[in-house]
Amino acid sequence: MELRYGLVAFLAVTTAVFATPLLNELPPGKEWPERLSVKQPYEPEIPTESPEYYSTFSSDLSFDEKPSENINEILPALNEKVENIEVADRITPPVTNVEKSETINGNLPNVNDKADQKRETNEFQKDLLGAAKDAEKENKVNYSGAQVWKVSTEKSGVRTLLGRLRRRNLIATWSGNHSYVDVFVKPHAVENVTRAFKRENIEYDIVIDDLQKRIDEENPPLDQNEIELQDRRGHRMTWKQYHRLEDIHGFLDYLAKTYPAIISVRSIGKSFEGRDLKVLRISNGQPSNKAVFIDGGIHAREWISPATVTYFINQFAENFDDEEDDIRNIDWYFLPVVNPDGYEYTHTADRLWRKNRKPAVGRQCAGTDLNRNFGYRWGGKGASANPCSDIFRGNRMFSEPESKALADFIKNTAANFTAYLTYHSYGQYILYPWGYDNVVPPDHQSLDEVGKSMADAIKETGGSKYTVGSSSGVLYPAAGGSDDWAKGQGIKYTFTIELGDTGQYGFILPTSHIVPVAKESLAGLRVLARYVNKY
Ligand code: 0X9
Ligand code: ZN
């Protein structure tokens, strides 16, 4: 008897081990193209230093100061270290509920009667889950009383005051452009900051008056029906919830198993804490195809981004045969979570974490802003050398395993990358290079045209208004972004897309917004696909 079970178990394990790579194996001609001797589609055509390359794009910015100085006002404090909040900068992640319950489950009492065992295990697990959930809540950074204000910066003196408050670590900037800033006011500072604003007669709107309440309401658990549906579907993604990394990766693997002729998944490297950086490729295998690379989740707290990128994947994968030719004739590469350590950390410890989780040398603070770590004009404006800043650029370009893996993959793949889209939040912007300074590439007019057509499609589909422009012109200069690096590699249609909303919820966008945001973004992506095929 035991021998038979042993044999079954042995067969199950060997099948799982050996069949998984086979399931992911694409038919000849449909494999992922390696670089080898294939000519790269993006031999640098762009001189990085040529003066005619720079045009003064936004000389009419209504900043109080020159943009170059202004960014030092706006962004080094873009959520600088949250002080007075206990676990904000913990370097070792806290033990999560899962880890805890697993440890205890390992020591379950030995009950002989199967029904009893099942009941007791269930009850025991329920108790554990409840206790673990409470513990998890206690372990998380608590934002009770923190507020988010929208402040117009048109009036002179506003930026100076914001700079002062920021330097005293009372506020941080969530988002903003040249006419407004969304200001995160730390819980202990609300009174003082209110007084300072009143004294200087500066108006503001309180957009979020208790951030923790919003966080608590943001991502409610699924109801029983949804959970049963998940089991039947073979993966757990729902777009009715923000999912943990495990669910996202499980979904990618499920698609590769289900559609092996067109879909495959590959880990292109590991994060600092050892999580996979999983890229899913969808392709009909035609050698003439152009390729598009799409990523999400560079910034940990921007949860709508991985949710949207996985929504795209689902649409293309599940309806590939019925898709329009413009979609079918592109090789799609998706990396939904560029920063998996940060993403998990936002679920387990600090909902507002932005960077990755690699401790800085000296370990005084953790994390590098991956969108300041790419090797194009690295270390320029809008990037900080202070490891405790939320826009820390890292010790050198590509110092982080996540940014390095992404760049190496794009460089070492012979795919004909014609577009690079990186999804962020929030603000509703479609941004093209350059980000490092107020200058634009020679083909900025065509980028502007494509961006505007995408924005039109988005508006037509879901009604949201996206602003289009160069990222330094529309937002602020910030060097070391993945977009600038991709454009520097010669990838024609390079955009950063800042998804919704425009600040009502900011990063804490309720789950009911996922499908509307993703659906309208998909309309924009379809427009991009048309331009890619025409190029
Ligand atoms: O600052 C960023 O990294 C992006 N905005 S976010 O609010 N999602 O953090 C904008 C990046 C635009 N691109 C470059 N500056 N290169
Ligand atoms: Zn971002």
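Cut-offs and rules
Residues numbered from 1 in each chain as written. Chains lettered and ligands numbered in written order. Predicted model: local features only at pLDDT ≥ 70, side-chain atom pairs only at ≥ 80, totals over all residues. Heavy atoms only, no water. Donors = N, O, S within 2.8 Å, 3.2 Å for Na, K, Ca; no water. Helix = DSSP H or I, 4+ residues; strand = E, 2+ residues; numbered from the N terminus. Buried < 20%, exposed > 50% of the residue type's maximum accessible area, 1.4 Å probe, protein only. Polar contact = N/O pair within 3.5 Å; in protein donor to acceptor, adjacent residues only side chain to side chain. Contact = heavy atoms within 4.5 Å. Near = heavy atom within 4 Å. Areas by Shrake-Rupley, 256 points an atom, 1.4 Å probe, with all protein chains shown as cover. Phe/Tyr/Trp six-rings, centres within 6.5 Å; stacked < 30°, edge-to-face > 60°. Lys NZ or Arg CZ within 6 Å of the ring centre and 35° of its normal. Pairing = 2+ DSSP bridges. Axes fitted to C-alpha atoms, helices over the stretch in contact; angles between N-to-C directions. Salt bridge = Lys/Arg side-chain N within 4 Å of Asp/Glu carboxyl O. Parallel < 35°, antiparallel > 145°, perpendicular 65-115°, else oblique. Left-handed = near helix turned anticlockwise from the far one by under 90°. Nonpolar A, V, L, I, M, F, W, Y, C, P; charged D, E, K, R; others polar. Right-handed = clockwise from strand over helix to strand, strands pointing away.

K.L.:
Would you mind showing me how to read the coordination of the zinc ion (ligand 2) here?
P.N.:
Around the zinc ion (ligand 2), the protein supplies His299 (ND1), Glu302 (OE), Glu302 (OE) and His424 (ND1) as donor atoms, at distances of 2.0 to 2.3 Å. Within one chain, the residues donating to the zinc ion (ligand 2) are spaced in sequence as H-x2-E-x121-H. Remark: His424 occurs in strand β9 (residues 417-425) and Glu302 occurs in the loop between β7 (290-296) and α10 (304-318); sequence separation between them is 122 residues. The same class applies to Glu302 and to His424, which are both buried.

K.L.:
Could you clarify how one ought to interpret the side chain of Asp369 in this entry?
P.N.:
Counting through the fold element by element, Asp369 comes out in the loop between α12 (340-348) and α13 (401-412). You can call Asp369 buried: its relative accessible area is 0%. A distance of 2.7 Å separates a polar atom in the side chain of Asp369 from a polar atom in the side chain of His299. Apart from the residues lying within four places of it in its own chain, the contact partners of Asp369 are His299, Arg354, Lys355, Asp390, Ile391 and Phe392.

K.L.:
For this particular structure, what's the right way to read the site of ligand 1?
P.N.:
Around ligand 1 lies a shell of 15 residues, among which Arg354, Arg372, Tyr476, Asp483 and Glu498 are the nearest. In this structure, Asn371 approaches ligand 1 through a side-chain N or O atom, which is 2.9 Å from an oxygen atom. Arg372 places a side-chain nitrogen or oxygen 2.9 Å from an oxygen atom of ligand 1. The fraction of the free accessible surface of ligand 1 (420 Å²) that becomes covered by protein chains is 98%.

K.L.:
So what exactly am I meant to see when it comes to the packing of aromatic side chains here?
P.N.:
The geometry of an aromatic ring pair comes down to the distance between the two centres and the angle between the two planes. Taken as a whole, this structure holds 32 aromatic pairs when the rule is applied. Pairing Trp32 with Tyr333 gives two aromatic rings, centres 5.6 Å apart and planes at 90°, and the pair type is edge-to-face. Here Trp32 is found in the loop between α1 (2-23) and α2 (67-74), whereas its partner Tyr333 is found in strand β8 (residues 330-335), with 301 residues between them in sequence. A ring pair is formed by Trp149 and Tyr204, whose centres lie 3.9 Å apart and whose planes are at 10°; its orientation type is stacked. With a gap of 55 residues between them, Trp149 in strand β1 (residues 147-152) and Tyr204 in the loop between α6 (190-199) and β4 (205-208) connect regions that are remote in the sequence. We note Arg393 situated over the ring of Trp378; from NZ or CZ to the ring centre the distance is 4.8 Å. Positioned over the ring face of Tyr531 is Lys534, at 4.7 Å from the centre of the ring.

K.L.:
What is the right way to look at the sheet that holds strand β3 (residues 180-185) in this model?
P.N.:
Pairing between the strands of a sheet comes from backbone hydrogen bonds, and it takes one of two forms, parallel or antiparallel. Taken in spatial order, the four strands line up as β2-β3-β1-β4 in an open sheet, and their pairing is antiparallel. The open sheet has two free edges, formed respectively by β2 (171-176) and β4, since each of these has just one partner strand. Geometrically, the sheet is characterised by an average inter-axis angle of 35° between neighbouring strands, direction not taken into account. Set on the sheet, helix α5 (residues 158-167) makes contact with β1, β2 and β3; between it and β2 the angle comes to about 130°. Docked against the sheet, α6 engages β1, β2 and β3, running at close to 15° with respect to β1.

K.L.:
Please explain the pattern of salt bridges as it appears in this structure.
P.N.:
Note that side chains of opposite charge can pair when their charged atoms are close. For the structure on display, the rule yields 26 salt bridges. For Arg195, the salt bridge goes to Glu191, with nearest N and O atoms at 3.4 Å. Here Arg195 pairs with Glu191, and both are found in helix α6, just four residues apart, close to one helical turn. Here Glu246 makes a salt bridge to Arg236, at a shortest N to O gap of 3.9 Å. Linking Glu246 in helix α9 (residues 245-258) with Arg236 in the loop between α8 (224-233) and α9, this pair joins segments that are ten residues apart in sequence. For Glu246, a relative accessible area of 59% gives the class exposed. Assessed through its relative accessible area of 41%, Arg236 is described here as partly exposed. One network of salt bridges, in which partners are shared, links Arg236, Glu246 and Asp247.

K.L.:
Which parts of the structure should I look at to understand the packing of α5 against α6?
P.N.:
The N-to-C vectors of α5 and α6 enclose an angle of 160°; their axes lie 11 Å apart at closest approach. Taken together, the axis directions place α5 and α6 in an arrangement best described as roughly antiparallel. For the crossing formed where α5 meets α6, the hand is right-handed. Two secondary-structure elements touch here, α5 through Leu161, Leu162 and Leu165 and α6 through Val193, Ala196 and Phe197. Taken together, the residues of the contact of α5 with α6 break down into six nonpolar, no polar and no charged.

K.L.:
What am I meant to see in the pairing of strand β10 (residues 429-432) here?
P.N.:
Every other side chain in a regular strand lies on the same face of the sheet, so the side chains alternate between the two faces. Because side chains alternate across β10, one face comprises the buried residues Tyr429 and Leu431, and the other comprises Ile430 and Tyr432, equally buried. Here four bridges tie β10 to strand β11 (residues 467-470), and the two strands are oriented parallel to one another. Note that in β11 the partner of Tyr432 across the bridge is Ser470. In this view, the connection linking β10 to its parallel neighbour β11 by way of helix α14 (residues 444-462) has right-handed handedness. Two strands pair when backbone bridges link them, and β10 and strand β12 (residues 493-499) are joined in this way by three bridges, in the antiparallel orientation. Of the residues in β12, the one forming a bridge with Ile430 is Ile497.

K.L.:
I keep staring at the sheet that holds strand β6 (residues 276-282) and nothing clicks. Help me out?
P.N.:
Taken together, the eight strands give an open sheet; going across it, the order is β5-β6-β8-β7-β9-β12-β10-β11, and neighbouring strands pair in mixed fashion. Looking along the sheet, the strands with just one partner apiece sit at the ends: β5 (263-270) and β11. When strand polarity is set aside, the average angle formed by the axes of neighbouring strands in this sheet is 20°. One ladder, built from six bridges, connects β5 with β6; its direction is antiparallel. Residue pairing for β6: Ile263 is matched across the bridge by Ile282.

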